[in-house]
Amino acid sequence: MTISRRKAIIALGGNLPLGGMLPHEILLAAIEEITPSMGEICQVSRLFQTPCFPAGVGPDYVNAALVLDTNLKPTSLMHQLQAVEQKFSREREQRWGMRTLDLDLIACGDSVLPSPSEYQHWLHLPLELQMRQTPPELILPHPRLQDRAFVLVPMCDVCPDWRHPVLGKTASELCAALPKSDLEAVQPL
């Protein structure tokens, strides 16, 4: 029996210290926690500093992306990533709130989950509802990635040719479509 392997794209971010660790140190330590049981890390982006979202509500974030070659199903991988978040005291008190560590499964192969119609619902959900509603299950690819320079700029470091299975555009094309001010706000550390 052949085990199916796929490339998973993971976005990393954080803006709160933990003990004596600063956010960039937390991201680097979290990368070390991605164990062989999850897969093999193929590439890791540079670290980037990005403004807090919504603007002015907290310290700037440090963001990165990595590509993982895995044979795990997306939900299993997500559970393992959440376990890593817990090691770094991740608390989920507020949607899009400040955090020590956020590990988002952005894409896994060309999977569209949980279904194309459910994906379309979350893709087109208005911003005011996005800020209040959390999907009950994993949505892939991440329905907001095309709107977020802090995800796309690091992705372009490691997988610029990745093609969105629904939108049909590469990471580079999605990044180029963002406002220049959003792109300029994402600065390498």
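See the structure printed just above.
A brief look at the structure comes next. Owing to the predicted nature of the structure, the values given are computational and were not obtained by experimental measurement. (Residues numbered from 1 in each chain as written. Predicted model: local features only at pLDDT ≥ 70, side-chain atom pairs only at ≥ 80, totals over all residues. Heavy atoms only, no water.)

## What to know about the overall build of the protein
Move 1: Looking only at helices and strands, one finds seven helices and six strands in the protein.
Move 2: Taken over C-alpha atoms, the radius of gyration comes to 16 Å for the protein, in line with the 16 Å a tight globule of 189 residues would show.
Move 3: Along the first, second and third principal axes, the C-alpha set of the protein runs to 45 × 35 × 30 Å.
Move 4: Taken over 189 residues, the protein has a buried fraction of 43%.
Move 5: Sequence separation of at least 24 residues holds for 68% of the intrachain contacts in the protein that already meet a minimum separation of 6.
Move 6: Summing over all exposed atoms, the protein offers an accessible surface of approximately 9,600 Å²; the carbon and sulfur share of this is 54%.
Move 7: Across the protein, the centroid of the 16 positively charged side chains sits 4 Å from that of the 21 negatively charged ones. (Helix = DSSP H or I, 4+ residues; strand = E, 2+ residues; numbered from the N terminus. Rg over C-alpha atoms; globule rule 2.2 N^0.38 Å. Buried < 20%, exposed > 50% of the residue type's maximum accessible area, 1.4 Å probe, protein only. Contact = heavy atoms within 4.5 Å. Areas by Shrake-Rupley, 256 points an atom, 1.4 Å probe, with all protein chains shown as cover. Lys, Arg positive; Asp, Glu negative; His and termini not counted. Charge placed at Lys NZ, Arg CZ, Asp CG, Glu CD.)

## Some remarks on unusual backbone geometry
Move 1: Between Leu113 and Pro114 the backbone carries a cis peptide bond, its omega angle lying at 0°.
Move 2: Tracing the chain through its elements places Pro114 in the loop between strand E5 (102-108) and helix H3 (116-123).
Move 3: At the junction of Leu140 and Pro141, the peptide bond is cis and its omega measures out at -10° in the coordinates.
Move 4: Relative to the assigned elements, Pro141 resides in the loop between helix H4 (127-130) and helix H5 (149-158).

## Focus on the side chain of His142
Move 1: Of note, His142 is situated in the loop between H4 and H5.
Move 2: Residue classification places His142 among the buried positions, given a relative accessible area of 16%.
Move 3: At a separation of 3.0 Å, a polar atom in the side chain of His142 contacts the main-chain amide nitrogen of Arg144.
Move 4: Excluding residues within four positions of it along the chain, His142 makes contact with Asp104, Leu105, Ile106, Tyr119 and Arg148. (Polar contact = N/O pair within 3.5 Å; in protein donor to acceptor, adjacent residues only side chain to side chain.)

Worth remembering: the numbers are spatial, not functional.
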